[in-house]
Structures are given as structure tokens and as C-alpha cells.
Amino acid sequence: MNWVETLIAWAVSLQALEQILLQRRLHDGDPWQTTWMSGPLFSATQWLRFFVAIACLVYSWLPAFLILFLTTYLVSVRYRGTFNGGSDTVTLHVLGAVIVAQAFPQFKSEAQFYIVLFVALSYFVAGLAKLLTPVWRDGSALTQFLLFSNAAFPNRFTESVRRNPNRVRKWAWFVTLWECLFPIGLLLPSTMGVFLSVGVLFHLLNFYFFGLNRFFWAWLAAYPAFFGMISQRF
Amino acid sequence: MPVLTPPRLRWHSLFINPEGNLYHASCNALEQLIFDPNDPEARQIIHRTVRHFLLTHRRLEARGAYQFKISLVQLHDDKAVEEDVLTGEGDL
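Residues numbered from 1 in each chain as written. Chains lettered and ligands numbered in written order. Predicted model: local features only at pLDDT ≥ 70, side-chain atom pairs only at ≥ 80, totals over all residues. Heavy atoms only, no water.

Asker: What exactly am I supposed to notice about the overall build of chain A here?
Answerer: Along its length, chain A carries 13 helices and zero strands. When the helices and strands of chain A are read in sequence order from the N terminus, they spell out α-α-α-α-α-α-α-α-α-α-α-α-α. With 234 residues in all, chain A has 50% of them scored as buried. Contacts in chain A between residues far apart in sequence, at least 24 positions, make up 71% of those at least 6 positions apart. (Helix = DSSP H or I, 4+ residues; strand = E, 2+ residues; numbered from the N terminus. Buried < 20%, exposed > 50% of the residue type's maximum accessible area, 1.4 Å probe, protein only. Contact = heavy atoms within 4.5 Å.)

Set out below in C-alpha cells:
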């Protein structure tokens, strides 16, 4: 769990830094300033979140992770939902498991398995949803996502992919099958290295095509739990 | 009329991408508007977010009055069905 703690603290420090920089760039007032947490109070919580996360990189301390969990949750409350979708959800779940492992060391393995199960199910459910959706099976959903990308659009790779629907369809099927088959890594630990390697590439590409930087660090923080589980079984 | 796109990704965007993620956050207010077009707080959030993007976009140099429209485009059998969600105006 030590690597999980370090990487999730790193992910949270980046998230806090993003919020701090965003507050400084909102020239004409914060769009969310009408909600109950705004302005100086929100900035103060993010500075606290940032420094506590940095401290957690070198020293693991239960109260610090409790602060990270609370300040991360408060961000979602302020923005009336997750600031960045699934990455915020993964962050909270990993922090929760870290807190349980720290507060109750006798349940460290269970907390680690919770992270493993959560990640595996998140991939499987996403893959199953794609498998059951016609627009994902024929590749048109991925084409549309690329068309309305939140990243630098258009770029030459995006244009190349969109002009080749067969390639897009293969990519869509590859992602769908990888997600659906991911839980197999829990039954065959020798294959988990391959699944996780594809996962790293998957999240990197999500960043490149869609600008989803937070997903990369949040899921990466959960991956060491798989190696911990594998080492315990062998 | 210039096409406003999200901020260009740089290598450091992998670590921090505040403006890009602001787009994601604004979806919370957009979702609320789809369910309740008269939600005053959600409308105000979108108005302010649009204004922020117009003020900070690198291609947009002009200042003055502006109008905007946010539409929900749904695809049905390869046909796009557009429904206006919010219209607004302001002054930069």
C-alpha cells in the first residue's frame, strides 16, 4: 500500500494545484462563487490540500489522509458534482481504502483488495456498457468522441483516425475487449502485468485525445494494489 | 467567426490542465440545465463560464457585446436533433 499512498498523494497534489491555478485565472469572478464554498475559503482549502498532499509524499499519516479525503470531497460538493468525473471518484475510493488500511492495519489486505476490485469492476462495467451499445460496436461512438474532443482539436492524429473508420472500429473493439476481460487478471495473476500495461497506455491516450490528465494519475495510484495482491498470493 | 476550442494541450498538461478541466466541470451545470432549464444558479454558472472562456481565449481579441447559445445535439439514426438549452448575452 505504500506506493498506493504515495501515488494518490501525488495525484491529489496535482488536483489541488490545478484548483489553485484556476482560481488565480478566473478574471471576472469565479463561476461557482454563488455556492456555499467560494473565494478565499475555497482557496484556503486547496492550499491546505496541496501542502498536506506534498507532506504525504514523504510521510504517511492517517490524519493527513483524512484531510485529503475531506478536502477532495468538498471540491465535488462545491462544483455540484465531480470536477472531473471518474477521476475524482477513483481518488475518493483510493483515499478511503488508504484511510481504512491506516486506521485498521489488520484490514490492510482487505483495503488493498477493495482497490483492486473497484478498479477491475470499473473497467468491466465500462466495457460491458460499450459491448451492449450498438454505436460502440460499430465504432461510430469513438469517432464522435474524437470529433468533439476536449483536447487540442483538430490534430493530425485525430484527423487520421477519423478518416479511417475501420481503424477506429478496431480501436473501439480493442478497448471494449480489454475492459471486459480485465477481471481475468484477478483469476490469472500472471496476465495482470499485460492488463495494467495496456491500462497505462489507455489512460495516456485518453489524455492525448481527450485532455483527461487526471484519469492517468488517479488510476495509476491504484495499480500498485494489484502488485501487492499478486505478491501476497505467490 | 473564430472557432473556440479548448486550450491546446502541452506536455505539462499531463500534470496540470486547469482550463481544460474547467470544461468538464461546467458540464455539471449543463446537466442541471437539461433537467431544469430554469435553474437560476446553473444558468448563472454557465453565463460566467462562457464569459471567462471568451475573455481568456487566445484567438479572441475583440471586446464588446456578445451573444451565445448552448444547444443539446442528440443523434438519432445518424440525424442530429438540436435543442436549445440556454441563450445569453453580455459585454466583455
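And the narrative resumes.
Asker: Just checking my understanding: could you explain the side chain of Asn21(B) for this structure?
Answerer: Examined against the element boundaries, Asn21(B) turns out to sit in helix α1 (residues 18-35). In terms of polar contacts, Asn21(B) uses its side chain to reach the side chain of Glu18(A), at 2.8 Å. Not counting residues up to four positions away in its chain, the partners in contact with Asn21(B) are Glu18(A), Phe83(A), Asn84(A), Gly211(A), Asn213(A) and Arg214(A). (Polar contact = N/O pair within 3.5 Å; in protein donor to acceptor, adjacent residues only side chain to side chain.)

Asker: Would you mind showing me how to read helix α5 (residues 108-131) of chain A here?
Answerer: Note that an α-helix has 3.6 residues per turn; residues three or four places apart therefore point the same way. For α5(A), spanning 24 residues, the distance from its first C-alpha to its last is 35 Å, which sits close to the expected 34 Å at 1.5 Å a residue. Every buried residue belonging to α5(A) is among Ala111(A), Gln112(A), Ile115(A), Val116(A), Phe118(A), Val119(A), Ala120(A), Tyr123(A), Gly127(A) and Lys130(A), and all of these are buried. (Expected span 1.5 Å × (residues − 1).)

Asker: What's the story with the environment of Ala103(A) in this structure? I'm lost.
Answerer: All names here are of chain A. Within the secondary structure, Ala103 is located in helix α4 (residues 86-103). A residue is classified by how much of its surface remains accessible, and Ala103, at 33% relative accessible area, is partly exposed. Considering only alpha carbons, one finds Ala103 and Ala129, 26 residues apart in sequence, at a separation of 36 Å.

Asker: Explain the packing of aromatic side chains here, please?
Answerer: Residues and elements named next belong to chain A. In this structure the tally under the stated criterion is 20 aromatic pairs over all chains. Through a chain of ring-to-ring contacts, the aromatic side chains of Tyr123, Trp178, Phe182, Phe195, Phe202, Phe215, Trp219, Tyr223 and Phe226 assemble into a single cluster. When the ring centre of Phe42 is taken as origin, the NZ or CZ atom of Arg78, which lies over that ring, is 4.1 Å away. (Phe/Tyr/Trp six-rings, centres within 6.5 Å; stacked < 30°, edge-to-face > 60°. Lys NZ or Arg CZ within 6 Å of the ring centre and 35° of its normal.)

Asker: Please clarify how a nonpolar patch on the surface should be interpreted in this entry.
Answerer: Residues and elements named next belong to chain A. On the surface, Trp173, Leu177, Leu181, Ile184, Leu187 and Leu188 cluster together into a nonpolar patch covering about 550 Å² of accessible area. Secondary structure elements with two or more residues in the nonpolar patch: α9 (165-181) and α10 (184-187). A total of three residues in the nonpolar patch trace back to one element, the largest contributor, which is α9. Tracing the backbone through its elements, the reader meets Ile184 in helix α10. (Patch = residues over 30% accessible without salt bridge, like charges linked within 9 Å, V, L, I, M, F, W, Y side chains within 5 Å. Areas by Shrake-Rupley, 256 points an atom, 1.4 Å probe, with all protein chains shown as cover. Salt bridge = Lys/Arg side-chain N within 4 Å of Asp/Glu carboxyl O.)

Asker: Could you clarify how one ought to interpret the packing of helix α1 (residues 2-25) of chain A against helix α12 (residues 213-222) of chain A in this entry?
Answerer: Two quantities define a packed helix pair, namely the angle between the helix axes and the distance between the axes. Residue and element names in this part refer to chain A. The N-to-C vectors of α1 and α12 enclose an angle of 160°; their axes lie 7 Å apart at closest approach. With respect to each other, α1 and α12 are oriented roughly antiparallel. Considering the relative orientation of α1 and α12, their crossing is left-handed. Contact residues: α1 offers Val4, Leu7, Ile8, Trp10, Ala11, Leu14, Gln15, Glu18 and Gln19, while α12 offers Asn213, Arg214, Trp217, Ala218, Leu220 and Ala221. In terms of residue class, the contact of α1 with α12 is made up of ten nonpolar, three polar and two charged. (Axes fitted to C-alpha atoms, helices over the stretch in contact; angles between N-to-C directions. Parallel < 35°, antiparallel > 145°, perpendicular 65-115°, else oblique. Left-handed = near helix turned anticlockwise from the far one by under 90°. Nonpolar A, V, L, I, M, F, W, Y, C, P; charged D, E, K, R; others polar.)

Asker: Any chance you could explain the packing of α1(A) against helix α2 (residues 39-56) of chain A here in plain terms?
Answerer: Residues and elements named next belong to chain A. For the pair α1 and α2, interaxial distance at closest approach is 8 Å and the crossing angle is 150°. With respect to their mutual orientation, α1 and α2 come out roughly antiparallel. Every pair of crossing elements has a handedness; the one defined by α1 and α2 is left-handed. Facing α1, whose interface residues are Ala9, Val12, Ser13, Gln15, Ala16, Leu17, Gln19, Ile20, Gln23 and Arg24, α2 presents Phe42, Ser43, Gln46, Trp47, Arg49, Phe50, Ala53, Ile54 and Cys56. Its residues assigned to classes, the contact of α1 with α2 comprises eleven nonpolar, six polar and two charged.

Asker: What is the right way to read the pattern of salt bridges from this model?
Answerer: It is possible for side chains of opposite charge to pair when their charged atoms get near one another. Residue and element names in this part refer to chain A. All chains considered together, the criterion is met by four salt bridges over all chains. In this structure, Arg214 and Asp88 form a salt bridge, with 3.1 Å as the shortest nitrogen-oxygen distance. Of the two residues, Arg214 is situated in helix α12 and Asp88 in helix α4; the sequence distance between them amounts to 126 residues. Here Arg214 and Asp88 have matching classes, each one buried. A salt bridge links Glu179 to Lys130, with the nearest nitrogen and oxygen atoms 2.9 Å apart. Of this pair, Glu179 sits in helix α9 while Lys130 sits in helix α5, placing them 49 residues apart in sequence.

Asker: What's the story with the nonpolar core in this structure? I'm lost.
Answerer: Generally speaking, nonpolar side chains in soluble globular proteins are found buried as a group. By size, the foremost hydrophobic cluster in this structure holds 59 residues, and its most contacted members are Val119(A), Phe182(A) and Phe226(A). Non-local contacts of Phe182(A), meaning those with residues more than four positions away in its chain, are made with Ala120(A), Tyr123(A), Met192(A), Phe195(A), Leu196(A) and Phe226(A). Within the second largest apolar cluster, 25 residues are counted, among which are Leu26(A), Phe53(B), Leu54(B) and Ile70(B). (Core = buried A, V, L, I, M, F, W, Y, C linked by side-chain atoms within 4.5 Å.)

Asker: Honestly, the side chain of Thr49(B) in this entry has me stumped. Any pointers?
Answerer: Within the secondary structure, Thr49(B) sits in helix α2 (residues 40-56). A relative accessible area of 2% places Thr49(B) in the buried class. Apart from residues no more than four positions distant in its own chain, Thr49(B) is found in contact with Pro31(A), Trp32(A) and Ser26(B).

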